[in-house]
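Structural features, examined
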Amino acid sequence: MVQKPIPRRTVLRGLGAALGLPLLEAMFPRTSLGGLAEPVVPTRYAFVYTPNGYWQPTFVPQGVGKDWELTPTLEPLADVRQHVSVLTGLDRQFTPGTGVHAQAGACWLTSSPPDETLDGGFPTNITADQILARQIGRDTVLPSLELSCNDHTDQKETRYFESVSWYGPGYAATTEKNPRTVFRRLFGEPNGDPAVSSVLDAVLEDASDLRGRLGGVDRVKLDEFLESVRSTEKRIQRAEDLARRWKEPPMAEPAGIPRERGDYLRVMGQLIAMAFQLDVTRVATLVVDPERWDSPRMYHGVFDKPQNHHVLTHTKEEGARDKLALIDRFHVAQYAELVRLLASSQEGSQSLLDHSAVVMGSGMSDGNRHNYGDLNVLLAGSAGGKLKSGEHHHFDGDVPLGSLWLTLLKTAGVERQSFADSHGNLSSLMTSS
Amino acid sequence: MMRFLLTIAAIACIATNDLTANEPLEIVVRYCGDCHGPDYQEAELDAVSAVRGALPSHVEFASLELMKSAIAIQRMPPSESETLPPDQRARLLAWMDERMRAIAESQADDPGPVVIARLTKAEYANAVRDLTGLRLDAGRQLPEDGGAGEGFANVGEAQSLTLEHLEKYLQASREIQSHLRVSPASGMQWSSSPLRSVAKPQEARQEVLDRITHWYGNQEVHLVEGRDRALRDHYGLSHGLYLEAAYRWQKLGRDPEALPRLANDYAVPLIPASIAKWHFTFASDTADLPEELQAVAKEWRSWPADLSDEELRSRAKKLDKSCDQLASAKKGGAKQFFRDRNRRVVDGNDLHKKTHFNAERIALSDFTRVDVRYLNGPWPDQPEPEDKPDRPYFLTAAMVREAAPPEDRAELETLLDELVAIAQPAAQDVASFRRTHGHADSVEGVLPTSDELKLWDEATRQAFEPIRTAAEAENAKLAQIARQQMAAFARRAWRRPLVDRELDRLVALFTDARQTGASYDAAFKAALHAVFVSPAFLYRTVLMPEDFAKQAEEGSETRPLDSYELASRLSFFLWASIPDDELLALAETDQLRELEVLLAQTRRMIRDERVRGMAREFGGQWLGFAGFKDFTGPDTERFPEFTPSLAEAMEQEGIAFFEDLVRNDRPVTALVTANWTFANAELANHYGLPGITGTDMQRVMTDGTPRGGVLGMGAVLARSSEPLRTSPVHRGVWVLEQILGEHLPPPPANVQPLSDDEVNPAGESIVEQLAKHRAQAHCAVCHDRIDPLGLTLENFDPVGRWRESDRFGEPIEAHAALKSGQTLTGTADLRDHLAQQDDVIVRQFCRKMLGYALGRGLQPGDSLLIQSMQKRLKEEDQRVSLAVEMIVMSPQFRERRRTHAER
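For every chain, the first residue of the written sequence is number 1, and numbering continues from 1 along that sequence. To label them, take the chains in the order written and letter them from A, then take the ligands in the order written and number them from 1. A pLDDT threshold of at least 70 governs which residues receive local features in this predicted model, and a stricter bar of 80 or more applies before side-chain atom pairs are shown or counted, although totals over entire chains, interfaces and linings include all residues. Computation of side-chain values: all heavy atoms of the structure, hydrogens and water removed.

On to the overall build of chain A. Assigned secondary structure in chain A consists of 12 helices and 11 strands. Nonlocal contacts in chain A, meaning residues at least 24 apart in sequence, comprise 72% of its contacts between residues at least 6 apart. Total accessible area on chain A stands at roughly 16,300 Å², and carbon and sulfur atoms take up 51% of it. Think of it this way: any DSSP run of H or I at least four residues long counts as a helix, any run of E at least two long counts as a strand, and we number them from the N terminus. Working rule for contacts: check all heavy atoms of both residues, and any pair within 4.5 Å makes them a contact. To be clear on the numbers: accessible area is Shrake-Rupley with a 1.4 Å probe, and residue cover counts the displayed protein chains and nothing else.

This part takes up the pairing of strand 10 (residues 375–380) of chain A. All names here are of chain A. With six of six residues buried, strand 10 lies mostly within the body of the structure. Strands were regarded as paired on the criterion that DSSP finds at least two bridges between them. Bridge count between strand 2 (residues 84–91) and strand 10: six bridges; the pairing is antiparallel. Along strand 10, the bridge assignment pairs threonine 88 with asparagine 376. For every residue, the accessible area (1.4 Å probe, protein chains only) is compared with the maximum for its type, and the residue is labelled buried under 20%, exposed over 50%, or partly exposed between those bounds.

Here we come to the interface of chain B and chain A. Each partner contributes to the interface: chain B provides 63 residues, whereas chain A provides 60 residues. The term salt bridge refers to a side-chain nitrogen of Lys or Arg lying within 4 Å of a carboxyl oxygen of Asp or Glu. Our count for the chain B to chain A interface comes out at seven salt bridges. A salt bridge links A:Glu205 to B:Arg505, with the shortest nitrogen-to-oxygen separation between them at 3.5 Å. Of all the elements in the fold, those that place two or more residues in the side of chain B that touches chain A are helix 7 (163–177), helix 22 (500–515), helix 23 (520–533) and helix 24 (535–538) of chain B. The dominant element in the side of chain B that touches chain A, judged by the number of residues it contributes, is helix 7 of chain B, at eight residues. The class makeup of the residues in the side of chain B that touches chain A is 29 nonpolar, 13 polar and 21 charged. Gly counts as polar in this scheme, as do all residues outside two lists: the nonpolar Ala, Val, Leu, Ile, Met, Phe, Trp, Tyr, Cys and Pro, and the charged Asp, Glu, Lys and Arg.

A separate point is the confidence of the model for chain A. A residue's pLDDT is the confidence the predictor assigns to it, expressed on a 0 to 100 scale. Residues at a pLDDT of 70 or more form 86% of chain A, whose mean pLDDT is 83. Low pLDDT, under 50, characterises residues 1–37 of chain A; the stretch is placed with 60 contacts to residues that sit more than four places away or in other chains.

The nonpolar core is taken to be a set of buried Ala, Val, Leu, Ile, Met, Phe, Trp, Tyr and Cys residues, with the residues joined through side-chain atoms within 4.5 Å. B:Phe573, B:Phe658 and B:Phe845 are the most contacted members of the largest nonpolar core, which totals 106 residues. Contact partners of B:Phe658, with chain neighbours within four places excluded, come to B:Ala615, B:Phe618, B:Gly619, B:Trp622, B:Leu623, B:Phe625, B:Leu671 and B:Phe845. Counting 65 residues, the second largest nonpolar core, distinct from the first, contains A:Val199, A:Leu226, B:Leu161 and B:Ile578.

Residue and element names in this part refer to chain B. For helices, the fitted axis covers only the stretch in contact; all axes are lines through C-alpha atoms, and the angles between them, taken along N-to-C directions, range from 0 to 180 degrees. Packing of helix 26 (residues 581–588) against helix 27 (residues 595–605) brings their axes to within 12 Å, and their N-to-C directions diverge by 170°. Between helix 26 and helix 27, the angle falls in the class roughly antiparallel. Within the contact between the two elements, helix 26 uses Glu582, Leu583 and Leu586 and helix 27 uses Val597, Gln601, Arg604 and Met605. Across the contact of helix 26 with helix 27, the residue classes break down as four nonpolar, one polar and two charged. Oblique is the label for any angle not under 35 degrees, not over 145, and not in the 65 to 115 range, which are roughly parallel, roughly antiparallel and roughly perpendicular in turn.

What follows covers empty space enclosed by the protein. Residue and element names in this part refer to chain B. The method works on a 1 Å grid over the protein atoms by themselves. A cavity is a set of points holding a 1.4 Å probe that cannot get out, a pocket is an open set with protein on both sides within 12 Å along at least five of seven lines, and residues with an atom within 4 Å of a point line them. Grid points are joined across faces, edges and corners, and a volume is the space filled by probe spheres set on the points. Summed over all chains, the structure comprises 10 cavities of 30 Å³ or more. Within this model, the largest cavity holds a volume of roughly 250 Å³. Lining the largest cavity are 17 residues, and of these Val114, Arg540, Thr541, Glu565 and Arg569 sit closest to its centre. When residues of the lining of the largest cavity are assigned to their parent elements, the largest contribution, five residues, is made by helix 25 (residues 563–575). Looking at the lining of the largest cavity residue by residue, the class counts come to nine nonpolar, three polar and five charged. Empty space within the second largest cavity amounts to approximately 140 Å³. Of all the secondary structure elements, the ones that give two or more residues to the lining of the second largest cavity are strand 1 (180–183), helix 8 (201–224), helix 18 (406–422) and helix 23. No other element matches helix 8, which puts five residues into the lining of the second largest cavity. Partitioned by chemical class, the residues of the lining of the second largest cavity number 10 nonpolar, three polar and six charged.

All names here are of chain B. Stacked, tilted and edge-to-face are the three classes assigned to paired rings of Phe, Tyr and Trp, where Trp is represented by its six-membered ring and a pair needs centres within 6.5 Å; plane angles under 30 degrees give stacked, over 60 edge-to-face, the rest tilted. Counted by the stated rule, this structure contains 37 aromatic pairs over all chains. Centroid distance phenylalanine 631 to phenylalanine 642: 6.5 Å. Interplanar angle 85°. Geometry classified as edge-to-face. With phenylalanine 631 in the loop between helix 28 (612–623) and helix 29 (644–663) and phenylalanine 642 in the loop between helix 28 and helix 29, this pair connects stretches of sequence that are 11 residues apart. Grouped by ring-pair contacts, the aromatic residues Phe152, Phe573, Phe618, Trp622, Phe658, Phe845, Tyr852 and Phe893 constitute a single cluster. Arginine 699 extends its terminal NZ or CZ atom over the ring of tryptophan 676, reaching a point 4.6 Å from the ring centre. The aromatic ring of tyrosine 687 is capped on one face by arginine 707, whose charged end is 3.8 Å from the ring centroid. For a ring to carry a charge above it, either NZ of a lysine or CZ of an arginine must fall within 6 Å of the ring centroid while also lying within 35 degrees of the normal to the ring plane.

All names here are of chain B. Pairing of strand 1 with strand 2 (residues 187–190) involves four bridges; the strand directions are antiparallel. Counterpart to leucine 180 in the pairing with strand 2 is tryptophan 190. Hairpin connection of strand 1 to strand 2: three residues between the antiparallel strands.

Opposite charge on two side chains permits pairing when their charged atoms draw close. Residue and element names in this part refer to chain B. Inspection of the entire model under this criterion finds 83 salt bridges over all chains. Among the ionic pairs, arginine 847 bridges to glutamate 65, the shortest N-O distance being 3.7 Å. With arginine 847 in helix 37 (residues 838–854) and glutamate 65 in helix 4 (residues 57–72), this pair connects stretches of sequence that are 782 residues apart. For glutamate 876, the salt bridge identified is with arginine 879, shortest N-O distance 3.3 Å. Relative accessible area serves as the criterion here: at 27%, glutamate 876 is assigned to the partly exposed category. Within this structure, Arg638, Asp757, Glu758, Glu794, Arg803 and Arg807 form a network of salt bridges that share partners.

Bringing unusual backbone geometry into the picture now. Leaving glycine out, the prevailing phi sign among residues is negative, and the prevailing peptide bond configuration is trans. All names here are of chain B. A cis amide bond, omega -10°, links methionine 76 with the succeeding residue proline 77. Positive phi is not limited to glycine here, since arginine 254 has a value of about 55°. Along the chain, the position of arginine 254 falls in the loop between helix 10 (240–251) and helix 11 (259–263). Judged by relative accessible area, arginine 254 falls into the partly exposed class, the value being 41%.

This is the structure in C-alpha cells:
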C-alpha cells in the first residue's frame, strides 16, 4: 500500500525559504514495509541564450580538464565552478540566404542540418528543447517554458530574432517577457471553468471540419491551432491536478517587468528554478536578448548609460572591447546566480542542480566577424549523474555544436543517431556510468 | 501552379539556347561575382545564381530588381572595383528589364501564395469592438505580433499560433463575456462595465426582480416629489417583519454580509438595505424622527436582548400595528402588492390567505414583489371619496405603472417580459416535485435520473409525467431561441453563415450546460466561448466548411473568392475589422462579387470612420507610429518632457493624418508635401504651433512652420533617434527605405559606431563623425545616399522638437550635399527633393498597400499591377482612393489559388 504523499505546498513559504528547503522524505511514496521507494527524480534542462557572441580574449580560459583558470569574464563562476563545465571550440555552419544574426539565434538549438532550409531559407526544424519537451514534458503542466528578457515591443525584427525555440519549421514558440504573466501561467488558477474542456472539444471538431478545404501550408497552419487546443486540454487537466496540491502560490507574484536589468534576469531565473522544483515544467529557454537588437539597453550597476551590445561588437576602439567583456561578465554573473539557486535547492539527497543541465551560450563566438565556429558554451549540473562537471573541454577541429545537443538528449533518454550536422555524442562530457 | 512553372521553364530554355544570352552571365560573373556569388553573398545577394536562372523565380526577380537599381545609378560595381563599360552596362540592364518583364508576365494576376492568417492583436480588438459595440481593448494580453511580407503583422505565412495564444484567447473570451447578459426575451445585451455572473436560474431571476424593484423605487421618487418626504422615508419601510429583522440583525453584530441571508429567512424575502435602514432609523437618536414615530422607536429599543422567536414575532406584530395606526391616523400606511403571472396586481395581505401560497414561488417567479409606498390617492378599487378628502390614499403598483412616462413603462414591460421568459415554471415544478419526493436538494433544471424514478411508486411516476413533458417542452423552446440568437451572432463573428452541423455543436454546449442547472445566460455563454475560440473566428481568412465549396472549373489554378471571403478580405483591408451588416447582406445575396457593387462598397467603406483601423495598422506599421504610445527610447533624464501622454499624442497624430488622407481622398504625395498635420494642445505646444487647445486631435495648417506630413511627425523623428542624440543615419535610412522604397544592405562588419551623445570624446559632433565615416570608400557607397537625407532633418531634436542650435549652443547645420552635386538645406528642401520623386513615392505607396491588402510579400507578377496603378494615379491626381479601388478590383485581391483539396 502506498501512502499519500504530503502536498509540497504545505511546506513552502516564499521563494527564499522554498528553495532552501530540503525535499522531505515524506514527499516520496512510502512502501508498505516502511522503506522509501526509489524516487524517480526527473531531469530538467534550461537553455540561456545571449546574443552577439562573446569577447573571446576575456572569456576563453587557459588549461583544460579540472585545471582551468577563471578568466575575467568567468570570474562570477568562482563559487560554483565545481558545477560548471566550460566548452570551447564547438562549431556550426552559416547557411547563406538569410541574415547571419537571425540564424545565429533561431538555429542555435535547431535539429536541421545547415543545408535543410525549410522555412524561407532558415534551417529551423524542431529545436533540442522541444524534442526534450516531447520526451520528458508530457506529464507536466507546461511541456516547456519559453522566456525572454527583451521587453521592447517594437516590431523591428522578425520572430527569427525573438525565439530560440521552434516546434517545427516556421513554427516558433512565443516567448513570454513579463515575469508576472509567467508566474500566472505557472502558478495561477488553471483555466478553471470545467466547461472549458467541452468547449475545446467542440472547437476541435470545428477545426477538423474546416481542414477539409485547406491544403498545403494552410493546413499546416491550422494544425498549429489544433495542436494548441490539444495541449491546452491536457494542460488544464494537469493544472487542476497540481492545484489540488497547493493552497496558495509557491512564491509572491512579481509585480511586472523589473526596472533594473539584473532584477529582470534574476526573477526569470527564479521562476525557472521554482517551476523546476515544483515540477511544473522540465524544459526552459531564456532569451537574454535577441540578436542584433539595436535598441540601447541599460545594464544597471555596470554602466551608467545605455549600451548597444550589437554595435559594440563591431567597434574597434579599445573601450568597446572592455565594455563587451563587462556585458559578457554581467550575463555570466546572472547565469551563476541561477546555478547557485539550483545548487542550493535540495532534492532528496542531492541538489536540484544535480538533476539538471543548465546551458548558456551564443550562436556566434566572435560577434564582430559573425564567426559560427569556436563557439563557447557553459554547462552546469550533472543531469542526474550522467554528465561530468567542473571541467574545461576544448574541441579541436570541426566538432558540431549539434553533438552537444545530441549528448544532452541522450541524458534525457532520447535515442537519436544524429542531430543537425552531428552524428555522435561528446563522450568526453559523459560520466562512465 | 503548373501554368506559371511551365512558362518559367520555357523562358529559361529559350535563354540558354541563345548564344548571346551568355553575355549577361559573363558580365555578372566578372564584375559582380567576387562579392555576390553563391559562395560569398555580400548584402545577401547571389547575383550569379540569379542571372544563371538557378534561383526560384521570385528570388531571381527580387535579386534582379536589386541589381538593376544599383547598376543603373552606377552605385555598383563599386568605384574601387573594375569599371563596367557603359555599352555592357546598357546591354545588361536591357537584358534584365526583359527578363523581369517575362517573369512578371508569366505570373500576372496570380493571386500568389496567401497563407491563412489569424487575427492580429489589433484586428482581434477591433472585431470584438464591432461585435459588442464596446471599446474593451479585448485581447490586450495576447502576445505581440511580428512583421513580415511587406512589413506587416497580417501575413499568415509568418504567424505562429501557440499554446500561449490559446490560453489568452480563452482568457479574453471570458473577459468579453463578463460584459454580456443574455436572455431569451431581449437577446444579447452588452454592458460597458463587467456584470455579476448569474450561474443559476434563480440568480438570473433575482437580478431581474431587483431591477423591477429598482424601477418602482425610481418611479416613486418622481411621484412624491414635493410631498411629505420625511414620512415617506420612514413609513415606506414600515413593516412588522422589518422591525423583527432589524432586531435580529442587531444581534448579529450588524454584519453587512449577514443581511442577504437574513432577508431570505422570510417567506417573502425582505430587502436587505431596508432592514439596515430600518435599524439605523430606530437605533439612532429619536429626536430626529417625526414625532409620531419617536414612541415606536423607543419601544423597539426597549426590547430585551434575549427574546425568543415567538416573543419577538408577537412584539413586532404589535408594534407594527401601532405603526400602521399611527400612519393611518396621520396620512396613510404602506402595503405590499404583488403582480402575478397574469399580471394582476394582488394585495400582499390577500396573498397570504390564498390556499396555494408557496413562498418560494412567489418570491422567485410567480410574483414580482413591489413595495408600494402610500401616497395621497384613492384605493385602487374605490373611487375617491369626495366627502372625505383627508382620508389616506394608497397607490397600487398598477397606478404607479400607469403614471409612469411611456419610455419608463416600456422599460418595465421589457423587464417583465424578461422575467416571464426565464421563469421556467415547468422546471421549477420539477424541482419542487422532486423535493417533495425524497430529493431535498433537487436542482432546478435537472431532471430525475432513471434510478431516482425507480424509487417512486407508480402513482408518483404517473403524477410526474405531465410535469416532465412540460419541462421538456419548455427546455426545447428555450434551446430553439438560443439557437436563433447564436446563429445570428456567430454569423457576424465568423463572417459567414453556419452550417447546421456547426450550429448543432454550439447548441449542444448550451443544452449540456442547461441540463446541469445552468441559467439561460450561463449556458449561452458556454456555447459563446466556443464561438470566440473557434478557428472560424480567430482566423482572419474566412474558413468555409466544405458544404459551401463550389464546383471547381476544370483545370483552373485559381478561383474567385466566395462572397463571404471577399467581404472579410475587404473589411480587414479597409477597417482592420469584421464586415458590417450591409456587407454581410450583400455577401448573402452574392451581389458583392458584382464589380459595381464591390466598387460602391469600397467607396462607402473608405469614408467610414472605421477606416481608422487601416490608418493605424497599414499607415502605422509602415511609417512606424503604430504602438508609439509605448515607445520609451528617449533618455528620460535628458528629455523629461517626453511623457507617455505626449507619446500617445504623437501616435494619434500619425493615425489622424493617415485617416484623413484616406477618408478625404487626398493625393498620395501629401504624405511628404502636406501643409497640415493633426495635434492636440500638448503636441501643438511641443511643436510650437499656436492656438490649439484641448486634448482632442485637430487638423492644423502648418504653412510657415517645419511641420506637415510625415517628415515633421514626432513619432517618426523620435523613433529614428538614439536616446541622447539624433541619428541622421536612421532618419536617412527611414526616408530611403520607407518613403522611397529602396532596399539597403545590412551594415558591414567593422563599422566604427558613432558616439552615444551629441559629441564624442574628441569633441566631434555627430555631423563631423559622419563626415569622417563617409570619407571611407566602403562606407560612402551607402552613406553618401543615406546621410544627406537624414542631415536635412537635424533641426528636429531626438524628441521631435524644433531647434536652432545644439545643446552647446552651436547652430544646427542642416546642409547636405547629394551625390548629384545638389545641396539641400533643411526640411523644406528635403520635401521639395522628395516631391520631385513623386513617381517613386507613389510606387512605394502602392507596393506597401498591396502587400498589406493581400497579407503577403509581393510577387513578380504583382509588378504589372503596380505599374498600372502608378500610371492611373499619375493621371488622376495621385488620389489615395484610386489605389484602394484598383487593389480591390485586381484579380490578386478577388481570387485565390486553389488548394489541392479544391481541385
